[in-house]
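Survey of secondary and tertiary structure
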Amino acid sequence: MKLFSELRVNLGERSYPIFVGSSLLRELSDLVAERGFRGWKKAVVVTDLNVGALYLETLLSELEKMGIQAFPFQIPPGEKSKSLQMAYELLKFLANSSLSRRDLVVALGGGVVGDLAGFASCVFKRGTDFLVLPTSLVAQVDSSIGGKTGVNLPEGKNLVGAFYQPVAVVSDVDVLETLPQREYLSSLAEVAKYSFLKPNSWKTSLAELSRELLERQKEALLSVVATSAGIKAHIVSEDEWDIKGKRAILNYGHTLGHALEAATEYGTYLHGEAVSVGMLYAACISEELMLSEGLSARHQRLLSSLSLPLKPLVAPPFDRLFTHMLQDKKAAGEISMVLLESEGKPLIKSGIERELLEECYASFCGGEST
Ligand code: GLY
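A brief report on the enclosed structure follows. Only a predicted model underlies this, so the values are computations on that prediction, with no experimental measurement involved. (Residues numbered from 1 in each chain as written. Predicted model: local features only at pLDDT ≥ 70, side-chain atom pairs only at ≥ 80, totals over all residues. Heavy atoms only, no water.)

1. Quick word on the side chain of Thr 227
The residue Thr 227 is located in helix H8 (residues 218-238) in this model. Among the polar contacts made by the side chain of Thr 227, one reaches the main-chain carbonyl oxygen of Ser 223 at a distance of 2.8 Å. (Helix = DSSP H or I, 4+ residues; strand = E, 2+ residues; numbered from the N terminus. Polar contact = N/O pair within 3.5 Å; in protein donor to acceptor, adjacent residues only side chain to side chain.)

2. Re the site of the ligand
Around the ligand, the neighbouring residues are Asp 142, Lys 148, Lys 232, Arg 247 and Leu 250. Within the side chain of Asp 142, one N or O atom sits 3.1 Å away from a nitrogen atom of the ligand. The protein chains hide 81% of the 200 Å² of surface that the ligand would expose on its own. When its residues are assigned to classes, the shell around the ligand shows one nonpolar, no polar and four charged. (Near = heavy atom within 4 Å. Areas by Shrake-Rupley, 256 points an atom, 1.4 Å probe, with all protein chains shown as cover. Nonpolar A, V, L, I, M, F, W, Y, C, P; charged D, E, K, R; others polar.)

3. Some thoughts on the pattern of salt bridges
All chains considered together, the criterion is met by 18 salt bridges. Across the salt bridge formed by Glu 240 and Arg 14, the nearest N and O atoms sit 2.6 Å from each other. Of this pair, Glu 240 sits in the loop between H8 and helix H9 (254-263) while Arg 14 sits in the loop between strand E1 (2-9) and strand E2 (16-22); the two residues are 226 residues apart in sequence, bridging distant segments of the chain. Classification of Arg 14 as partly exposed rests on a relative accessible area of 35%. As a salt-bridge pair, Glu 79 and Lys 157 come within 3.8 Å of each other at their nearest N and O atoms. In this pair, Glu 79 is assigned in the loop between strand E4 (69-75) and helix H3 (84-96) and Lys 157 in strand E8 (residues 156-163), connecting sequence segments 78 residues apart. Residue classification places Glu 79 among the partly exposed positions, given a relative accessible area of 33%. Several salt bridges converge on common partners, so that one network encompasses Glu 79, Lys 82, Asp 115 and Lys 157. (Salt bridge = Lys/Arg side-chain N within 4 Å of Asp/Glu carboxyl O. Buried < 20%, exposed > 50% of the residue type's maximum accessible area, 1.4 Å probe, protein only.)

4. So, the environment of Glu 183
One can find Glu 183 in helix H6 (residues 181-197). Taking relative accessible area as the criterion, Glu 183 reaches 31% and is therefore assigned partly exposed. Through-space distance from the C-alpha of Glu 183 to that of Leu 137 is 8.7 Å; in sequence the pair is 46 residues apart.

5. Considering unusual backbone geometry
The phi dihedral of Ser 23 falls on the positive side, at around 60°, and the residue is not glycine. By the secondary structure assignment, Ser 23 is in the loop between E2 and helix H1 (28-35). With a relative accessible area of 11%, Ser 23 lands in the buried category. The backbone of Lys 125 sits at a positive phi, close to 50°, despite the residue not being glycine. With respect to the secondary-structure elements, Lys 125 resides in the loop between helix H4 (111-123) and strand E6 (129-134).

Right, dumping it as structure tokens:
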């Protein structure tokens, strides 16, 4: 086992560690024994069929070594599983497995698995211990950290949920080897986001690591996951409930990003691809409003070095995007966006004029929208 970094989300009695390393999944029992977690007797392991086929057996054998009786609950992969119906099935499964409040729910998977399992863990008997083993790059650098759990409604994403912090996050970069290429590449957008928001937190700049990252070299992955997770942990520690405006900076690139995903019915863009385009759009608006010169060009250089898209893959008409931007649950009747005065200086700007948004979009799409 190689433990590269041990970080901490500091939230008083809800504080917890994030372990970043390699071979952590294969040697989970050693890690748990070393750290003296509570001696759980039973665990329900939530995973999806893709991840389960690759890693469930390994995890079950580690749980067995820990003397934990484990019950796997496998869901179809994809966003459709993040539903109240699936939460209901999972809660029934927890009840039928006779899980007690002193037992454990384990999430082995990406964001969908983590959000669903965390939500069920929060509401089952008013809370069982919850351990996250994130298997996607986005989950390792973002969604597994900070306790946002929940499911979607037909009316919108993440409309039912709760803040519920895990007992630990165990991020094993070995599992990133098996991610499909497009998914892996698109996830680098969330990593790029951290380098725009907090450039000083990087010992080696992301630009310097781009080639190794494209090749999924382990040392680069360890360093990038640890740095990104550390930035997220710090932001969450300052604003656990997302009410002080500090955590909201994580929405950089997400105003246009979410609108592009919604306007194309979640069938065209992977989340990271939409965020990549959205960050460039935010950089364009930042330049217009604050003369942060050269920001777009610097964004383009980093994003293209990570093989991320610089233009909409499909460009819906602006009217449609604008409606989605206004419907965003954080919009409150006007468009607020996270902008950058420069790298490392984010700010939230409210009441951005429609005209400016439209102009930037048009220039951005080369004057065309389809
Ligand atoms: N992914 C944004 C947040 O955790 O606040």
